[in-house]
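Each chain is listed here by its residues.
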Amino acid sequence: MLRLTDFIVDCPDTMKLAAFYSEVTGCPVKESSNEHWAGIRFGAIELAFIQVEDYRAPQWPDNEHPKQFHMDFEVDDIESEQSRILALGATLLRDCIDSDGYGFRVYADPIGHPFCLCRNKGVVWTDQGPVWPERD
């Protein structure tokens with residue numbers, strides 16, 4: 001049996017990057033976090049940040065220092081979420097929103113990891129979060 005327990009992100013400052021993603025997601029940084037390992041719990045999975053020496057940020061979309069992963073966040077209002085994450089220190093890298101307001105935007109977090117805000121057609125937001133349309 002296999003179960004995913006952690007998604008670990010290399011970074012130069014664990015607490016600073018954990019604080020950024022804590023603000024982005026609205027979930028708290030674990031109290032046991034420190035300068036070597038910081039985490040944010042999402043149910044059974046922890047988004048964790050580990051300190052590495054000589055950290056080099058990915059240069060998306062360049063392949064010299066390619067991205068190793070990225071996270072997508074579905075949003076109900078991309079403009080307000082963009083304003084919020086830019087104020088937190090994110091940088092807009094690419095806008096792929098169509099004229100109907102659907103698509104995605106690529107950002108870099110404060111240390112250069114790319115992530116996306118997405119607004120997918122057919123997703124309905126409820127008090128419990130997004131409900132995805134049935135797929136064929």
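The following paragraphs examine the structure supplied in this document. (Residues numbered from 1 in each chain as written. Predicted model: local features only at pLDDT ≥ 70, side-chain atom pairs only at ≥ 80, totals over all residues. Heavy atoms only, no water.)

**A few points about the sheet that holds strand 1 (residues 6–11)**
And then number 1: Within the open sheet, the three strands sit side by side as 1-3-2. Their pairing is mixed. What marks the edges here is a single partner per strand, and that holds for strand 1 and strand 2 (37–42). This sheet shows a mean twist of 20° between the axes of neighbouring strands, independent of strand direction.
And then number 2: Summarising the sheet, strand 1 and strand 3 (residues 45–51) pair through six bridges and their orientation is parallel. Within strand 3, the position partnered with Val9 by the bridge is Phe49.
And then number 3: Sheet strands touched by helix 1 (residues 14–25): strand 1, strand 2 and strand 3. Its angle to strand 2, the strand with the most contacts, is close to 20°. (Pairing = 2+ DSSP bridges. Helix = DSSP H or I, 4+ residues; strand = E, 2+ residues; numbered from the N terminus. Axes fitted to C-alpha atoms, helices over the stretch in contact; angles between N-to-C directions. Contact = heavy atoms within 4.5 Å.)

**Considering the nonpolar core**
And then number 1: Counting 24 residues, the largest nonpolar core has Leu17, Tyr21, Phe49 and Phe115 as the members making the most contacts within it.
And then number 2: Elements with a minimum of two residues in this core: strand 1, helix 1, strand 2, strand 3, strand 4 (71–74), helix 2 (78–88) and strand 7 (114–119). (Core = buried A, V, L, I, M, F, W, Y, C linked by side-chain atoms within 4.5 Å. Buried < 20%, exposed > 50% of the residue type's maximum accessible area, 1.4 Å probe, protein only.)

**Overview of the side chain of Glu46**
And then number 1: Along the polypeptide, Glu46 turns up in strand 3.
And then number 2: One polar contact links Glu46 to Lys30, side chain to side chain, over a distance of 2.8 Å.
And then number 3: Among the polar contacts listed, one links the side chain of Glu46 to the side chain of Trp37, at a separation of 3.2 Å. (Polar contact = N/O pair within 3.5 Å; in protein donor to acceptor, adjacent residues only side chain to side chain.)

**Comments concerning helix 1**
And then number 1: With twelve residues, helix 1 ought to run about 16 Å at 1.5 Å a step, and its terminal C-alpha atoms sit 16 Å apart, in line with that.
And then number 2: Among the residues of helix 1, those classed as buried are Thr14, Leu17, Ala18, Phe20, Tyr21, Ser22 and Val24.
And then number 3: Of the surrounding elements, those touching the buried residues of helix 1 are strand 1, strand 2, strand 3, strand 4, helix 2 and strand 7.
And then number 4: Taken from the residues just after helix 1, Gly26 is the one with a positive phi, measuring 80°. (Expected span 1.5 Å × (residues − 1).)

**Topic: the pairing of strand 6 (residues 103–108)**
And then number 1: For strand 6, the buried fraction is high: five of the six residues fall into the buried class.
And then number 2: As defined by bridge partners, strand 5 (residues 91–97) adjoins strand 6 across six bridges and the pair is classed as antiparallel. Bridge assignment links Asp95 to a residue of strand 6, and that residue is Arg105.
And then number 3: Remark: five residues form the turn of the hairpin made by strand 5 and strand 6, two consecutive strands paired antiparallel; Gly101 in that turn has positive phi of roughly 90°.
And then number 4: Sheet topology places strand 6 next to strand 7; six bridges connect them, and they run antiparallel. Residue Ala108 lies in a different strand from strand 7, and its bridge partner there is Pro114.
And then number 5: Counting the residues that bridge the hairpin from strand 6 to strand 7 gives five residues, and of these Gly112 lies at a positive phi of roughly 105°.

**Looking at the sheet that holds strand 6**
Two pairing modes exist for strands in a sheet, parallel and antiparallel, and in both the strands are linked by backbone hydrogen bonds.
And then number 1: With mixed pairing, four strands are arranged side by side in an open sheet as 4-7-6-5. The open sheet has two edge strands, strand 4 and strand 5, and neither has a second partner. Across the sheet, the mean angle from the axis of one strand to that of its neighbour is 20°, orientation sign disregarded.
And then number 2: Sheet strands in contact with helix 1 are strand 4 and strand 7, and its direction is about 25° off that of strand 4.

Just distances and angles here, no functional claims.
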